[in-house]
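Summary of the model geometry
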Amino acid sequence: MTDDASALHLVLTGDPGLYAIVWLSIVVSMSAVLCAALIGVPCGALLALTRFPGRDGVIVILNAMMGLPPVVVGLAVYLLLSRSGPLGSFGLLFTPQAMVIAQTILVAPIIAALTRQTVEDLWAEYREELAAMDIGPLARVATLVWDARFSLVTALLAGFGRAAAEVGAIIIVGGNIDGFTRTMTTAIALETSKGDLPLAIGLGLVLITIVVAVNALAWGARRAGERYAG
Amino acid sequence: MLNRRYLMAAAALAGLAIAAQPGFAQEKSIVVASTTSTQDSGLFEYLLPLFKAKTGITVKVVAQGTGKALDTGARCDADVVFVHAKAQEEKFLAAGHGVKRFPVMYNDFVIVGPKSDPAGIKGMKDVGKAMTTIMDKKADFLSRGDRSGTNSAELRLWKASGIDIDKQKGPWYKALGQGMGATLNTAAASNGYTLTDRATWIHFKNKQNLVIEVEGDKRLFNQYGVMLVNPAKCPSVKKDLGQAFIDYLISPAGQKDIAGYKVNGQELFFPNANDHNA
């Protein structure tokens, strides 16, 4: 991005730097939500439908992990991915992939915990029907997740909100490299440190607009899906 | 039923989303761990496209304080470190983390503070006297407190003024643990004094009531040096590309480019690669 430009000016003139940053923010956060959903939804549903000693403890821990501090997750992933760390040979530090990994760790507990709650409520409702169907536990999980799919969109959106908003983890593992790992939130942090507060707040408004747009799209898709499913 | 095809599609999408990111693009690039001042002053935004046009090498800058940047180099996570604290740099070399240090450029530190100047230090030519006065008057002083080059310089200046800041500091001395820009924002908001490099100061846009109080003492000299991370210790280091960047910085062309970077007509960094004692 060039100097002495307002955020509005950058948006209206289609500044390529700004659009690259916006695009990277969306791609990283969406990828993280997708990866986190692949982990979180099955784990959450399984936890909802199984009973074992210490289950309450697991649920408490899972719920607490919704509040994982991003900076701590960032630091842990940094130490793992550093060339001198255990996964250093992959050369992932300071790449968008590292940012996806860190955000996946932040988002997966949110999706898992909300899935657990949603599926458990549904389970209470359909317990007898499902018991009568005489199907195995995995098929039960699948059935309930499918029935809860529209409610689970909210869990995914909560995860996306977390990913799109955080700066603590990705600035550590991504390095805020211009044109490579700079996202909306790290750009806002940078402009703040340059003392360009109007540009920083302008970029903040752009970010909020994007998050609203993503939510609107998801809501529209959910409505359309519900209508289609009857 | 949850269709297996949905899962497959989702997995494929996830893979695609990750693979589609720029990290997979093959290109000549190096990672440079540097200080916040070189980034916040806008120098890299100006210099790196010039370097890329000459060599085709993309430089990815991770801007950190000098202490953190050297740590990044020591962990083999950067190819080149470009920082400004000679004593720390020499320690880095002595530990075998770097190959050789090349002086690149200098500018100077200044003490900035509120226009109202509650400690009455404006215009002092002796930085030691100015800092002693700030302490005696218990005027708010914001320290970076982050092992950065500027923080090292500040601690050196207290010491040179005969002050043991660890023992003699009071509530007036606030160590923030933040970058230069954040520290200037805090100084502007709280009418405090702080030490900053001149390049970040000139480029900084939220000055509010802050003005330069003390400048020109030769102890405020601020030298930048560049080092290749030692490939013998870090096999992942791209030594040819990294050395090409260093060679450019200290070449006559690179030195001329550095001198050509101006904000509001003011030169921000002064090339001095030929001064081998710097």
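Because the structure is a prediction, the values reported are computed rather than measured.

Let us look at the overall build of chain B. Secondary structure summary: chain B contains 12 helices and 12 strands in total. Here chain B holds 278 residues, and 47% of them are scored as buried. Contacts spanning at least 24 positions in sequence make up 76% of the contacts within chain B whose residues lie at least 6 apart.

This part is about the overall build of chain A. Looking only at helices and strands, one finds 10 helices and 0 strands in chain A. Along the chain direction, N to C, the helices and strands of chain A fall in the order α-α-α-α-α-α-α-α-α-α. Judged by the C-alpha coordinates and their principal axes, chain A covers about 70 × 45 × 25 Å. In chain A, which comprises 230 residues, the proportion classed as buried is 45%.

Turning our attention to the interface of chain A and chain B. Across the boundary between the two partners, chain A contributes 31 residues, which contact 32 residues of chain B. At the level of elements, helix 2 (16-49), helix 5 (96-133), helix 6 (137-147) and helix 9 (184-193) of chain A are the ones that each hand at least two residues to the side of chain A that touches chain B. Of the residues in the side of chain A that touches chain B, the class split is 15 nonpolar, 11 polar and 5 charged.

A few words now on the packing of helix 2 of chain A against helix 6 of chain A. Residues and elements named next belong to chain A. For the pair helix 2 and helix 6, interaxial distance at closest approach is 10 Å and the crossing angle is 115°. On the basis of their axis angle, the class for helix 2 and helix 6 is roughly perpendicular. Helix 6 is crossed by helix 2, and the crossing has right-handed handedness. Residue-level contacts link Val 41, Pro 42, Ala 45, Leu 46 and Leu 49 of helix 2 to Pro 137, Arg 140, Val 141, Leu 144 and Val 145 of helix 6. In the contact of helix 2 with helix 6, the residues fall into 9 nonpolar, no polar and 1 charged.

With that settled, the discussion passes to the pairing of strand 3 (residues 80-83) of chain B. Residue and element names in this part refer to chain B. Here strand 3 shows a buried face lined by Val 80 and Phe 82 and a second buried face lined by Val 81 and Val 83. Judged from the 4 bridges that link them, strand 3 and strand 9 (residues 221-229) form a sheet pairing that is antiparallel. Considered in strand 9, the bridge of Val 80 is made with Leu 228.

Taking 1.5 Å as the rise per residue, helix 10 (residues 197-229) of chain A with 33 residues should run 48 Å; its terminal C-alpha atoms sit 48 Å apart, in good agreement. Next to the buried residues of helix 10 of chain A lie helix 1 (7-12) and helix 9 of chain A.

The next point concerns the nonpolar core. Within the largest apolar cluster, 136 residues are counted, with the highest numbers of intra-cluster contacts made by A:Ala102, A:Ile111, A:Val173 and B:Val80. Of the residues forming this core, the biggest block, 16 residues, is contributed by helix 2 of chain A. Three or more residues apiece are contributed to this core by two domains, here domain 1 (27-107 + 223-271) and domain 2 (108-220) of chain B. Not counting chain neighbours up to four residues away, the residues in contact with A:Ile111 comprise A:Ala36, A:Ala37, A:Gly40, A:Val41, A:Gly44, A:Ala155, A:Leu156 and A:Gly159.

All names here are of chain B. The residue Pro 114 is located in strand 4 (residues 98-114) in this model. Classification of Pro 114 as buried rests on a count of 20 C-beta atoms within 10 Å. Considering only alpha carbons, one finds Pro 114 and Leu 48, 66 residues apart in sequence, at a separation of 35 Å. Beyond its immediate sequence surroundings of up to four residues, Pro 114 is in contact with Asn 191, Asn 209 and Leu 210.

Here we come to the domain arrangement of chain B. Residues and elements named next belong to chain B. Per the domain assignment, the segments of chain B are domain 1 (27-107 + 223-271) and domain 2 (108-220). Distance between the C-alpha centres of domain 1 and domain 2: 26 Å. Counting residues at the interface gives 20 residues for domain 1 and 15 residues for domain 2. Among the elements of the structure, helix 2 (36-40) and helix 4 (66-74) are those that each provide at least two residues to the side of domain 1 that touches domain 2.

Before going further, it helps to examine helix 4 of chain B. Within the sequence span of helix 4 of chain B, burial applies to B:Thr66, B:Ala69, B:Leu70, B:Thr72, B:Gly73 and B:Ala74. Of the residues flanking the end of helix 4 of chain B, it is B:Cys76, one or two places downstream, whose phi is positive at about 70°.

Cut-offs and rules
Along every chain, residues carry numbers that run from 1 in the direction the sequence is written. As a convention, the first chain written is A and the first ligand written is 1, with the rest following in written order. Totals for whole chains, interfaces and linings use every residue, but because this is a predicted model, local features are given only for residues with pLDDT of at least 70 and side-chain atom pairs only at 80 or more, for both listing and counting. Only DSSP runs of H or I covering at least 4 residues are called helices, and only runs of E covering at least 2 are called strands; the numbering of each starts at the N terminus. With C-beta atoms placed from the backbone, the exposure class of a residue follows from how many other C-beta atoms lie within 10 Å of its own: 20 or more, buried; 12 or fewer, exposed; in between, partly exposed. Each residue gets a C-beta atom placed from its backbone, and two residues are in contact if those atoms lie within 7 Å. Following the grouping adopted for this structure description, the nonpolar residues are Ala, Val, Leu, Ile, Met, Phe, Trp, Tyr, Cys and Pro, the charged ones are Asp, Glu, Lys and Arg, and the polar ones are all others, Gly among them. Note on method: axes are straight lines fitted to C-alpha atoms, helices fitted across the in-contact stretch only, with angles between N-to-C directions ranging 0 to 180 degrees. When an angle is under 35 degrees it counts as roughly parallel; over 145 it counts as roughly antiparallel; between 65 and 115 it counts as roughly perpendicular; any other value is oblique. Two helices cross in a left-handed way if the nearer one is turned anticlockwise from the farther one by less than a right angle. They cross in a right-handed way if the turn is clockwise. When DSSP finds two or more bridges between two strands, those strands count as paired. Here the expected length of a helix is defined as 1.5 Å per residue gap, with one fewer gap than residues. As used throughout, a nonpolar core is a set of buried Ala, Val, Leu, Ile, Met, Phe, Trp, Tyr and Cys residues joined through C-beta atoms within 7 Å of each other. Delimitation of the domains relies on an automatic or database domain assignment.

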